[in-house]
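# Architecture at a glance
Now for the letters of each chain:
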Amino acid sequence: MTTLDPEAPEQQEEPAIYHVSFDRLARLKRSAVMLVAERRVPSCPSHLKADHELTDPQQLVNEIAKHCVNEESFIRTEMPIQEIVFRILLSRRNAPTPLHDLHYELTERWATPMRPINISEEGLRRILDADTYYGFLQVAPKK
C-alpha cells in the first residue's frame, strides 16, 4: 500500500490543454474543412466560394477568428456544450487552450439564468476526451 508523504513536495499535475486536431478528424473520417466551413457566418469572405474551392482548414479557422467571432449568432447559449467549446477554439485560431480557460469561458460567459452551465472542469475534460465528432485532442505537455 502506498501512502502519501506529508513532507514531500506536492506533485503538480500538468494542466490539460486542448485544441481541435485536424489529424484526429481525418482518422475519424471527418472533413476538417467542411466541419470548420459550416461555422462561417455570411460575412466571411470565403462564404461565397464553392465547397470544392476550400482546401485549408487552418485558413478557414483564421478567417472565422477575424470575421465571425463578433457576430451575435456565432456562439449562442442554447448550443450544445461541445459546439460552444469548438467555436471558442475557432475564435482563438485553434491555439492550444488550457482546460481551465475553456471551462471559465463556458461557465462564466455563456451560461445564463435560462441555461445555467453547471459543469466541473473534470466533467468538461471527460466530455472533450470522449469526443468523436469535433476532433478535440489534449496536447501533450512540453518536456
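The notes below deal with the structure included here. (Residues numbered from 1 in each chain as written. Predicted model: local features only at pLDDT ≥ 70, side-chain atom pairs only at ≥ 80, totals over all residues. Heavy atoms only, no water.)

With that settled, consider unusual backbone geometry. Not every positive phi belongs to a glycine, and Lys29 is a case in point at roughly 60°. Within the element layout of this structure, Lys29 appears in the loop between helix H1 (22-27) and helix H2 (32-37). Even without being a glycine, Arg93 presents a positive backbone phi close to 60°. With respect to the helices and strands, Arg93 occurs in the loop between helix H4 (81-91) and strand E2 (97-98). (Helix = DSSP H or I, 4+ residues; strand = E, 2+ residues; numbered from the N terminus.)

Attention now goes to the nonpolar core. Formed by 36 residues in total, the largest nonpolar core has its most connected members in Val85 and Leu124. Within the residue set of this core, elements represented by two or more residues are strand E1 (17-20), H2, helix H3 (57-67), H4, helix H5 (99-109) and helix H6 (121-129). For this core, the element with the highest residue contribution is H4, accounting for seven residues. (Core = buried A, V, L, I, M, F, W, Y, C linked by side-chain atoms within 4.5 Å. Buried < 20%, exposed > 50% of the residue type's maximum accessible area, 1.4 Å probe, protein only.)

The full count for this structure, using the stated rule, is nine salt bridges. Arg39 serves as the salt-bridge partner of Glu83, at 2.8 Å between the closest nitrogen and oxygen. A residue pair is termed long-range when its members are at least 10 positions apart, and Glu83 in helix H4 and Arg39 in the loop between H2 and H3 qualify at 44 residues. This pair shows no difference in class: Glu83 is buried, exactly as Arg39 is. A salt bridge links Glu78 to Arg76; the nearest nitrogen and oxygen atoms lie 3.0 Å apart. Residue classification places Glu78 among the exposed residues on the basis of a relative accessible area of 54%. Under the relative-accessibility criterion, Arg76 is labelled partly exposed at 35%. Shared partners join several salt bridges into a network, and the residues in it are Glu38, Arg39, Glu83 and Arg87. (Salt bridge = Lys/Arg side-chain N within 4 Å of Asp/Glu carboxyl O.)

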